[in-house]
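# Per-entry structural report
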Amino acid sequence: MGCDSQQSDMQVDVIISGCGPVGALTGNLLGLMGVRTLLLERDVAPHGEPRAFSCDDEGLRIYQATGLLELLQKDMKETRFAEYVGGSGKRFAEVHTGQTDFGFGHTPLWFFHQPLLEGALRDGFQRFPHVELRQGMAFESVEQDARGVTVRYREVATGAVHSVRGRYLLACDGARSAVRKALGIEMSGKAYGEQWLAVSGTIDGPAPDLCRFVCDPKRPAFIATGARNQLRWEFMMMPGETREHLEKPETIAGLIAPYVDPKRVRIERAQVYTFHCLNAARWRERNVFLLGDAAHTMPPFMGQGLVSGMRDAANLAWKLKRVLHGQASDSLLDSYEQERRPHVADVQKLCVNVGHLFMARNPVVATLRDVFMRTVQRIPRVRRFIQGFEFKQPPLHAQGYYFGGPKVDPKAAEGSYFIQPKVRLESGEEVLLDQTLGNDFTVLCRWDAPAAELAAARELAESLGGRLVTFRPAQQTPKAEAPAVVDVTGKLTEWFSRHAADVVVLRPDRFVFGAVKAQRLPELRSALGV
Ligand SMILES: Cc1cc2nc3c(=O)[nH]c(=O)nc-3n(C[C@H](O)[C@H](O)[C@H](O)COP(=O)(O)OP(=O)(O)OC[C@H]3O[C@@H](n4cnc5c(N)ncnc54)[C@H](O)[C@@H]3O)c2cc1C
C-alpha cells in the first residue's frame, strides 16, 4: 500500500484501530473485498493471554469466508459433548454439540488457542498488497469532516506522533477502546462483581476429553480440553480470596488437581478477570464504527464474546465495501447497529441466565437446581431442547437492510441466516455451499426455472456484482446447457419449498435479503436499488 506515516494527506479507505481477533478478521474480510485498509496495533506481538477459547458454527462460517478456515482448523478442536455437573459431581445436564446441526455447515462448539488464531489471521494479510498492519502504534485521537477521518497515532517505542487520513475508522481496540473514549461514548449495563481465574496450560501425554461446567456452589468452575493438548480452566474467586493468592502456582496446582495431575501440566497463563455485560451508547458516530469488545462485552458462559465481534465484522465489512465502491449510499451503514445491537442484547441476556444457573452459590438453591434440571428433562421435548443446544440464540435480524421492511413473521426468510448444506459440483466434488458463492451477493434459484426467470435472475446477480447459482435435486439428470450444483442433501429444495420461493437473494454475509416468487423479482430489484 506504500503508506507514508509522515504525511497527513495519505489516503486509505478504512483505518482499523486494534488488531486483536476482531480487527484482524475485519482486515482479512476487507482485504478480500479490495478495500485499502490500514491497521494500527498498539502492541508489538499478538495478545498472549488466555481469553477467547471457544467458537461456534457461525464463527467457523465467517472464517470460511476469509479463505483461512482450513488453516485455522488445524489449531482447533471440535467438541462433541458438554456437561453440567452439580456439587456432588453428578451430571444434571448435557449438550450433544457433536450431533447438533443448526444447518450452517459446521457443528457448534470448537475450541482454539487465541495466540495461534491471531497469528494466523495476521499472516492472512500477506495475501493483500492493499492491507497493512503497523504494530507498536497506539491510536490517540480522531477528527472528522464530511469526507472522512484524520487519525493521530503514537509510535509506542519513540513517542513520535503521526497522522493518517481515511474514509472510515473502525474501533476494534477492545473493551477499554481509546477510540470510544475519544468520542465520549459511554458504556452502560452491568459490571459483575465476581472475579474469575482463567488458566491456560498444556498437558504432557494423553489429555482428558473434557468440556465440563462444574456448578459446585463451593467453587463454580469450567474445564475444557482444546487443540494440541491445551487445557483451559476457569475458577470463580470466592469471598475472602485475593488475586495474588489465586494466581500463585501452588494454588493453581491445588485447583486443577481434581481433574489432572498438575505435574503433567505446563501452565502458560493464569490471570484473574472481572466479567462485564456492557453496551456502548452508540456504535456509529459519523465515519467511526465500534466493533467487538469496543461496542459490547458479555460474560463468557456461552463463549459468545468474540463470536459476537466476528458477527459485527461480517455484518459491516461488505457494507463498507459497497459504499466505498459506489454501489450503495452511506445510509446502508446505519443498518449495522440496527441489525447487530438487538442480537447482541439477546445473546447477553442468555449468557447472564446461563451464568445464574452455573454460579448458584447457595447450596440449597444449587441442590434444588440439580433436582429440577434432572426432573424437567424427563419431558422429551425439554430434554431435546437442552441436549440439542436449542437454547442458543439463533442468528436472526428482525429489522435492517432486508426486503419487505421489519419482520412481522419470525419464520419469514428475510433476515435469517441462510443454510449451508453440502452440494456436489459438476466435477463430482462435494463442498459446502458457500464455496460456490463468492464474496458478494448471490442470487439462488432452481435449475429448471423458466428461461426468462433465469435470465432475469442472472441479470440481477450481475447488476449486484455477484453470482447466479442454480441447483438441481440429486435424482434429476444433468443437462449440459444448464449447469447447476447438485443439492445432495435435499436441503436447498426443502428450504425453497418451505418459503414458497423461486428466487433468493443472499447478502455477502449469507443473510437472506429476500426470498420471492418470480413475479416479484422487479420489486426485489428495486429494493436493492439496481
Ligand atoms: C477469561 C476470558 C474468557 C473468554 N472466553 C471467550 C470464549 O470462550 N469465546 C468467546 O467468543 N469469547 C471469549 N471471551 C471474550 C473475548 O476474549 C473477547 O470478546 C475478544 O477478545 C474481543 O476481541 P476484540 O478484538 O474486540 O478485542 P481485544 O481482544 O481486546 O483486542 C483489542 C486489540 O486492540 C489493541 N489496542 C488497544 N488499545 C489500542 C490503541 N489505543 N491503539 C491501537 N491498538 C489498541 C490491543 O492491543 C488488542 O490487540 C473471553 C474473555 C475473557 C476475559
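Our subject in this report is the structure included herewith.

Rules of the game
Residues numbered from 1 in each chain as written. Predicted model: local features only at pLDDT ≥ 70, side-chain atom pairs only at ≥ 80, totals over all residues. Heavy atoms only, no water. 1 Å grid on protein atoms, 1.4 Å probe; cavity = no way out; pocket = protein on both sides within 12 Å on 5 of 7 lines; lining within 4 Å. Points joined across faces, edges and corners; volume = space filled by probe spheres on them. Helix = DSSP H or I, 4+ residues; strand = E, 2+ residues; numbered from the N terminus. Nonpolar A, V, L, I, M, F, W, Y, C, P; charged D, E, K, R; others polar. Domains from an automatic or database assignment. Disulfide = S-S within 2.5 Å. Buried < 20%, exposed > 50% of the residue type's maximum accessible area, 1.4 Å probe, protein only. Near = heavy atom within 4 Å. Polar contact = N/O pair within 3.5 Å; in protein donor to acceptor, adjacent residues only side chain to side chain. Expected span 1.5 Å × (residues − 1). Axes fitted to C-alpha atoms, helices over the stretch in contact; angles between N-to-C directions. Parallel < 35°, antiparallel > 145°, perpendicular 65-115°, else oblique. Contact = heavy atoms within 4.5 Å.

### Structural notes on empty space enclosed by the protein
To locate leftover empty space, one rolls a probe as large as a water molecule over the atoms. Per the stated rule, a full pass over the model turns up five cavities of 30 Å³ or more. Looking at the largest cavity, its volume works out to about 270 Å³. Lining the largest cavity we find 23 residues, and of these I62, A314, Y417, P508 and D509 sit closest to its centre. Of all the elements in the fold, those that place two or more residues in the lining of the largest cavity are α1 (21–32), α2 (57–66), α8 (305–324) and α9 (335–359). Tallied by class, the residues present in the lining of the largest cavity amount to 12 nonpolar, four polar and seven charged. Looking at the lining of the largest cavity, you find at least three residues from each of domain 1 (11–74 + 113–186 + 281–336) and domain 3 (422–528). Looking at the second largest cavity, its volume works out to about 40 Å³. Looking at the second largest cavity, the residues that line it are L72, D75, M76, F112, H113, L116, L117 and A120. Top element by residues in the lining of the second largest cavity is helix α4 (residues 114–124). It accounts for three residues.

### Some thoughts on the state of the cysteines
Scanning all chains against the criterion turns up zero disulfides. In this model C277 remains outside any disulfide bridge; the closest cysteine sulfur is found in C351, 7.2 Å from its own. In this structure C277 comes out as buried when scored by relative accessible area, which is 11%. Classification of C351 by relative accessible area gives buried; the value is 0%.

### So, the site of the ligand
Taken together, 36 residues surround the ligand, and among them E41, F53, F139, D293 and L306 come closest. Within the backbone of A52, one N or O atom sits 3.2 Å away from an oxygen atom of the ligand. Taken together, the elements giving at least two residues each to the shell around the ligand come down to α1, β2 (37–41), β9 (137–145), β15 (230–236), β16 (265–280) and α8. Here the shell around the ligand spans two domains, and each of domain 1 (11–74 + 113–186 + 281–336) and domain 2 (189–276) adds at least three residues to it.

### Quick look at the environment of F372
Note that F372 resides in helix α10 (residues 363–376). It is 28 Å that separates the C-alpha atoms of F372 and H276, two residues lying 96 residues apart in sequence.

### As for α1
With 12 residues, α1 ought to run about 16 Å at 1.5 Å a step, and its terminal C-alpha atoms sit 17 Å apart, in line with that. Residues of α1 that are buried include every one of P21, V22, G23, A24, L25, T26, G27, N28, L29, L30 and G31, and no others. Phi turns positive one or two residues past the end of α1, at G34, with a value near 80°.

### Some words on the packing of α1 against α2
Axis separation between α1 and α2 bottoms out at 9 Å; the angle between their running directions is 45°. As judged from the angle between their axes, α1 and α2 are oblique. Along its contact with α1, which presents L25, N28, L29 and L32, the element α2 presents I62, Y63, A65 and T66. Grouping the constituent residues of the contact of α1 with α2 by class yields six nonpolar, two polar and no charged.

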